[in-house]
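Residue-level structural notes
Read off the chains here:
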There are 4 protein chains.
Amino acid sequence: GDIGRLVVSCTDRPGIISGVSSFLYRRGANIVQSDQESTGAAGGRFFLRVVFHLPGLRDRLPALERGFGEEIAPRFGASYRFRDAGTPARVALLVSRHDHCLLDLLWRTRRGELPVDVVQVVSNHPDLAGDVARFGVPYAHIPVTRQTRPEAERRQLDLLRGRVDLIVLARYMQVLSGDFLAGAGVPVINIHHSFLPAFAGAGPYERARERGVKLIGATAHYATEELDEGPIIEQDVARVSHRDDVLRLRRRGADLERTVLARAVAWHCEDRVLVNGRTTIVF
Amino acid sequence: GDIGRLVVSCTDRPGIISGVSSFLYRRGANIVQSDQESTGAAGGRFFLRVVFHLPGLRDRLPALERGFGEEIAPRFGASYRFRDAGTPARVALLVSRHDHCLLDLLWRTRRGELPVDVVQVVSNHPDLAGDVARFGVPYAHIPVTRQTRPEAERRQLDLLRGRVDLIVLARYMQVLSGDFLAGAGVPVINIHHSFLPAFAGAGPYERARERGVKLIGATAHYATEELDEGPIIEQDVARVSHRDDVLRLRRRGADLERTVLARAVAWHCEDRVLVNGRTTIVF
Amino acid sequence: GDIGRLVVSCTDRPGIISGVSSFLYRRGANIVQSDQESTGAAGGRFFLRVVFHLPGLRDRLPALERGFGEEIAPRFGASYRFRDAGTPARVALLVSRHDHCLLDLLWRTRRGELPVDVVQVVSNHPDLAGDVARFGVPYAHIPVTRQTRPEAERRQLDLLRGRVDLIVLARYMQVLSGDFLAGAGVPVINIHHSFLPAFAGAGPYERARERGVKLIGATAHYATEELDEGPIIEQDVARVSHRDDVLRLRRRGADLERTVLARAVAWHCEDRVLVNGRTTIVF
Amino acid sequence: GDIGRLVVSCTDRPGIISGVSSFLYRRGANIVQSDQESTGAAGGRFFLRVVFHLPGLRDRLPALERGFGEEIAPRFGASYRFRDAGTPARVALLVSRHDHCLLDLLWRTRRGELPVDVVQVVSNHPDLAGDVARFGVPYAHIPVTRQTRPEAERRQLDLLRGRVDLIVLARYMQVLSGDFLAGAGVPVINIHHSFLPAFAGAGPYERARERGVKLIGATAHYATEELDEGPIIEQDVARVSHRDDVLRLRRRGADLERTVLARAVAWHCEDRVLVNGRTTIVF
């Protein structure tokens, strides 16, 4: 409970690391891990992630945040957030019918591999209710049709707003509107079953087979209004051959999808992922 | 000198393997490796590659081909080709300024890793003449501009026609016309510096950087009239991060390009690559 | 139900493929996939796997086997087995406390990814009984101590003998005696949590961390009397760094273990794995 | 010419980053990249690598070093080194007969991919003298037999001492004595043609084939008195199959060896590799 994380971003200029690390030092925090990146000499962006040890962290976090907001942030025009590493992120999982990503995340959570609390599963189908029930997680079945999408999204937002820090689309096969994304007010991570930007959109395994690629992939990215165009968090690929028909591609790909998504969720919840325009920095 | 290869393709129907293997057996050939693929039960395509040992192969090859053409091919409507594994393929390398693929192929050839004779290098730049000279390979400098392309392609064809079994575009940065491809009359293998179909066309590393992908790739494919759309022979990828600027992507990618291209050339020259419409079967 | 598989091995000599394929052709079978390997010109071993389509296969299988045993096998001194591809292999899973391999195999089976029936789970601990019950698979808790091992193995054999085609050690942390392996009379596949032969024996992740390797691995192999020395079926690795402590290696490795084991089980049950002395041929 | 690097290691305690970054800030340096690692809370080791921009670096480096040695290093009992990123490391390459690693390093250097000056090649064979001459690098042929090893090592040391910052064994097939390593006084990087600790010692490809592994590897490590036991810098693997005989493993492996070695040399010369006991931290 005494491990904290601080993430900082601002326009690059000399003295930021010195300012931040001295601030932490003066309060008795010991930096145990630190990563930094600058995107270019003049006028570039500066990104910093610091993990520190501070006895009594939980009680001291509000004062730490306030102090940083007064002393450091204004000096550099910096955005920042502090986090208690011992507090799991509250996560909602959205899913349609494919169970592999959903169950994999639930399992990893149960095993203590992911620093999250899964507080809600939402699906446009009833199929996976039984599987989810065994993990003790509430399952909301909210059907979606073209006509009812706005209403369905409203119900989803009513259910999730204020209760979650992250929404994960664990093979949720519905497009979410910009209104939903804005209304949610938290990051949304999607898993796409191709090596983006190849095969964006529908039917990636069918198209991979037609094109005769020798590797298939999966991509976890932040969802934005533009489908499959958000900042990429993680990708991976697997070798396939002419012998692999679409069914085999789909099975091989399912293994990629679940591991890539699990990595992306873990990294996001450990504050390792910093968005830089259309791309990400992953510390 | 006693190892031969036979490649067969036709519409699938029962009895092909039996027919082919019995034909070889009756002539005293022992099959040492055989790969077969059928693309679907009814009306699918059948592909076969057989490596066999036959004493005195070189002298007996013409009679073998003739016999197969009379006895077996008509029965199944099969395309086929026999090859003496001891006869290297005659290859021309086309290159612009980047030396890594060119030199890698020359080196591997010198080491005996590739079953090829490099009989000619053609470049639209004079830069690499000295490097190529050391390998004892003729270097033709044929400049190309938008205006002179047809004339340049004619000179290239005059130089290569009938002298080569394969043309390799080893980072040749000029588009070749359909006329050239048709006139060459031999397969043309290109290396593209991305994981196709992602980043087809110009500037793939720049676009990979902008899109923030976490892996970069290289693709070797048969060149067709449609740029970067030909059947893919081989692909590979390497992990990159936010720290890799375009220069580092280019260097990391160069390692992929040369190994992917070398594999594609080796496999092609070992008759492992069979074209099936827009895709390949690689045995 | 009309797809069959035939696996043949014998001392290499001319005419085997011709003999086998003609045998199948005369009985109306169409070969849809065939793989062959010879380990060396003279006196080498010959291995063949054929997948064929034959209407009414199930009823005709006994006659096919008998015919092959009379006509073909004696001519070449060949071992062989026919299999109906539609009949799943009966599998027992042995496990201790780690759930990831076990649950992964059960899941994949439920999804129809593996051509198996899991007929029994056996564990030396009671912990996973509840998880297994949900899949409708019987769970036998057979405790093992150094003193009770012979008795425990006898109970295991009583439970499994004649009921299974394959035993899978899905992170079963007990050494099995040669008597058990002989008594079982079916292949036993083990997953070892290292890239063998590196880190054979206990504590591979601890030793990987101490040695500072940059990749960790997992190995699926046939269990033999010599611990971690049996023929390797499949291996895979993942990149790690100085930041990964033993706990993180173990988690990263768990993903490898389950996918490597699932591949090995699938390949084995599809008759793709042929043992050749201390090694395997995987078609 | 204005980019510098600073590497620091010491026993971990609060205030190091603050002290180091404030020191740099006060002198007008802007940190453009920083990596830090602590190996454990109490009594652990602290490692830091900082890349900074400082106008007029070359001239100011001596004063910077002196200042750090007076103000900062004693406070934390820290080892440290400053480096001008624009000054290439002076490197000697030792090689026997295999040319692939040697030529690859020479090529990359010529292309500007490696921040090194190759000042000398030493070989116990004359074979590669011609290839090396083309790169304008002196080639010393120093034969080694069991009897003449001490004398040969003396000649090597006479040739290299004081002239190089790094010695690279680019497939140098002779064991170097502890006396040589001590006498050289600079790090020595070796490439071993296996995935260590598997197949340490002689004949790794032969042993990989016998054991039937499904992946082969290469390992770059610092040479120590214990053969193949030094801290590992980088490793990589490639998939192989039952079809790959020892010759094919060797060729496939050669591609791994040269890329793994090139990465290790680049990272070492960019001060990314910090030795931590028997392991390395690679930033």
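Our subject is the structure that appears above.
Residues numbered from 1 in each chain as written. Chains lettered and ligands numbered in written order. Predicted model: local features only at pLDDT ≥ 70, side-chain atom pairs only at ≥ 80, totals over all residues. Heavy atoms only, no water.

1. Here we look at the relation of the copies chain B and chain D
Superposing chain B onto chain D takes a rotation of 180° combined with a translation of 0.0 Å along the rotation axis, leaving an RMSD of 0.0 Å. Seen this way, the second copy is the image of the first under a two-fold rotation axis. When you check the interface residues of chain B against chain D, 100% turn up at the interface there too, and the contact is symmetric in its surfaces. (Least-squares fit on C-alpha atoms with pLDDT ≥ 70 in both. Contact = heavy atoms within 4.5 Å.)

2. A look at the interface of chain B and chain D
Reports of interface size often rely on the accessible area that becomes lost once the parts have come together. Between chain B and chain D, the residue contacts involve 25 residues of the former and 25 residues of the latter. Between chain B and chain D the total buried area reaches about 2,300 Å² when both faces are included, carbon and sulfur atoms providing 34% of it. The tally of links from chain B across to chain D stands at 12 salt bridges. Measuring nitrogen to oxygen at the nearest pair gives 3.3 Å for the salt bridge that ties Arg110(D) to Asp99(B). Taken together, the elements giving at least two residues each to the side of chain B that touches chain D come down to β2 (30-38), α4 (100-110) and α9 (246-269) of chain B. With seven residues, the single largest contributor to the side of chain B that touches chain D is α9(B). Here the side of chain B that touches chain D is built from residues that sort into two nonpolar, five polar and 18 charged. (Buried area = accessible area lost by both parts, 1.4 Å probe. Salt bridge = Lys/Arg side-chain N within 4 Å of Asp/Glu carboxyl O. Helix = DSSP H or I, 4+ residues; strand = E, 2+ residues; numbered from the N terminus. Nonpolar A, V, L, I, M, F, W, Y, C, P; charged D, E, K, R; others polar.)

3. Details of unusual backbone geometry
Geometrically, the link from Leu196(A) to Pro197(A) is a cis peptide bond, its omega value of 5° lying close to zero. Within the fold, Pro197(A) resides in the loop between β9 (188-192) and α8 (204-211). Although it is not a glycine, Asp271(A) sits at a positive phi angle of roughly 60°. Tracing the sequence through the fold places Asp271(A) in the loop between α9 (246-269) and β12 (273-276). For Asp271(A), a relative accessible area of 1% gives the class buried. Despite not being glycine, Arg171(D) has its phi angle at roughly 65°, a positive value. Mapped onto the elements, Arg171(D) comes out in the loop between β8 (166-169) and α7 (178-184). (Buried < 20%, exposed > 50% of the residue type's maximum accessible area, 1.4 Å probe, protein only.)

4. Describing the interface of chain B and chain A
At the junction of the two partners, chain B supplies 34 residues and chain A supplies 34 residues. Summing the contributions of chain B and of chain A, the shared interface buries around 2,800 Å²; its carbon and sulfur component is 53%. Broken down residue by residue, the surface that chain B buries against chain A is led by Arg211(B), Lys214(B) and His242(B), which jointly contribute 27%. Summed over the shared surface of chain B and chain A, the number is six salt bridges. For Arg239(A), the salt bridge is made with Glu234(B), and the minimal N-O distance between the two is 3.0 Å. Linking chain B with chain A are 20 residue pairs in polar contact (both at pLDDT 80 or more), by the criterion used here. Residue assignment for the side of chain B that touches chain A shows that the elements contributing at least two residues are β2, α8 (204-211), β11 (232-239) and β13 (279-282) of chain B. For the side of chain B that touches chain A, the per-class residue count stands at 14 nonpolar, seven polar and 13 charged. (Polar contact = N/O pair within 3.5 Å; in protein donor to acceptor, adjacent residues only side chain to side chain.)

5. Concerning the packing of helix α1 (residues 16-26) of chain D against helix α2 (residues 57-71) of chain D
All names here are of chain D. Where α1 meets α2, the closest approach of the two axes is 11 Å, and the angle between their N-to-C directions is 140°. Regarding the angle of α1 to α2, the classification is oblique. Crossing angle aside, the handedness with which α1 passes α2 is right-handed. Contacts between α1 and α2 pair Val20, Phe23 and Arg26 from the former with Leu64, Gly67, Phe68 and Glu71 from the latter. Of the residues that constitute the contact of α1 with α2, the class distribution is four nonpolar, one polar and two charged. (Axes fitted to C-alpha atoms, helices over the stretch in contact; angles between N-to-C directions. Parallel < 35°, antiparallel > 145°, perpendicular 65-115°, else oblique. Left-handed = near helix turned anticlockwise from the far one by under 90°.)

6. Thoughts on the packing of aromatic side chains
Residue and element names in this part refer to chain B. Applying the stated criterion to the full structure yields 24 aromatic pairs over all chains. An angle of 85° between the planes, with centres 5.3 Å apart, marks the rings of Phe23 and Phe68 as edge-to-face. Of the two residues, Phe23 is situated in helix α1 (residues 16-26) and Phe68 in helix α2 (residues 57-71); the sequence distance between them amounts to 45 residues. (Phe/Tyr/Trp six-rings, centres within 6.5 Å; stacked < 30°, edge-to-face > 60°.)

7. Here we look at the pairing of strand β2 (residues 30-38) of chain A
Residue and element names in this part refer to chain A. Burial of β2 is extensive: eight of the nine residues sit out of reach of the surface. Judged from the eight bridges that link them, β2 and strand β3 (residues 45-53) form a sheet pairing that is antiparallel. Looking at the pairing, Ser38 lines up with Phe46 of β3. (Pairing = 2+ DSSP bridges.)

8. Overview of the relation of the copies chain B and chain A
Rotating chain B by 180° and translating it 0.0 Å along the rotation axis places it on chain A, where the RMSD comes to 0.0 Å. By residue overlap, the copies meet face to face through one surface: 100% of the interface positions of chain B are interface positions in chain A.

9. Here we look at the sheet that holds strand β11 (residues 232-239) of chain A
All names here are of chain A. Ordered in space as β7-β6-β5-β8-β9-β10-β11, the seven strands form an open sheet in which the pairing is mixed. Only two strands of the sheet have a single partner each, and these edge strands are β7 (139-141) and β11. Strand-to-strand, the axes of this sheet are offset by a mean angle of 20°, without reference to chain direction. Here strand β6 (residues 116-123) pairs with β7 via three bridges, running parallel. By the bridge assignment, Val121 is partnered in β7 with Tyr139. Most of the contacts of α9 go to strand β10 (residues 215-222), to which it runs at about 30°, and overall it touches β5 (89-95), β6, β8 (166-169), β9, β10 and β11.

10. Details of the packing of α1(B) against helix α1 (residues 16-26) of chain C
Relative orientation and spacing of two packed helices are given, respectively, by the angle between their axes and the distance between those axes. The contact between α1(B) and α1(C) brings their axes to 8 Å, and the two run at 145°. Of the two possible hands of crossing, α1(B) and α1(C) adopt the one that is left-handed. Of α1(C), the residues touching α1(B) (which contributes Ile17(B), Ser18(B), Ser21(B), Ser22(B) and Tyr25(B)) are Ile17(C), Ser18(C), Ser21(C), Ser22(C) and Tyr25(C). Considering only residue class, the contact of α1(B) with α1(C) consists of four nonpolar, six polar and no charged.

11. As for the pattern of salt bridges
Close approach of charged atoms allows side chains with opposite charge to pair. Inspection of every chain in the model, using the stated rule, returns 126 salt bridges over all chains. Arg110(C) is the salt-bridge partner of Asp131(A), the closest N and O atoms lying 3.1 Å from each other. Within this pair, whereas Asp131(A) is found in helix α5 (residues 129-133), its partner Arg110(C) is found in helix α4 (residues 100-110), the two belonging to separate chains. On the basis of relative accessible area, Arg110(C) is assigned to the partly exposed category, the value being 41%. With a closest N to O distance of 3.2 Å, Glu151(D) and Arg154(D) form a salt bridge. Of the two residues, Glu151(D) and Arg154(D) both sit in helix α6 (residues 149-160), three residues apart, roughly one turn of that helix.

12. Describing the environment of Val132(B)
All names here are of chain B. With respect to the element layout, Val132 can be found in helix α5 (residues 129-133). On the basis of relative accessibility, which here comes to 0%, the residue Val132 falls in the buried class. Sequence spacing of Val132 and Ala218 is 86 residues, and the spatial spacing of their C-alpha atoms is 24 Å. Beyond its immediate stretch of four places on either side in the chain, Val132 contacts Leu102, Leu106, Val121, Val137 and Tyr139.

13. Describing the sheet that holds strand β9 (residues 188-192) of chain C
Residue and element names in this part refer to chain C. Spatially, seven strands are ordered β7-β6-β5-β8-β9-β10-β11 in an open sheet, and the strand pairing comes out mixed. The strands lining the two open edges of the sheet, one partner per strand, are β7 (139-141) and β11 (232-239). The sheet shows a mean angle of 20° between the axes of neighbouring strands, direction not considered. The pairing of strand β10 (residues 215-222) with β11 spans seven bridges and is classified as antiparallel. Its bridge partner being in β11, Ile216 is matched across the sheet by Ala238.

14. Side note on α8(A)
Those residues of α8(A) that sit buried are Pro204(A), Tyr205(A), Ala208(A) and Arg211(A). Buried residues of α8(A), viewed axially, fall in a sector of 130°; they line one side. Elements in contact with the buried residues of α8(A): β9, β10 and α9 of chain A together with β11 and β13 of chain B. (Arc of directions from axis to C-beta.)

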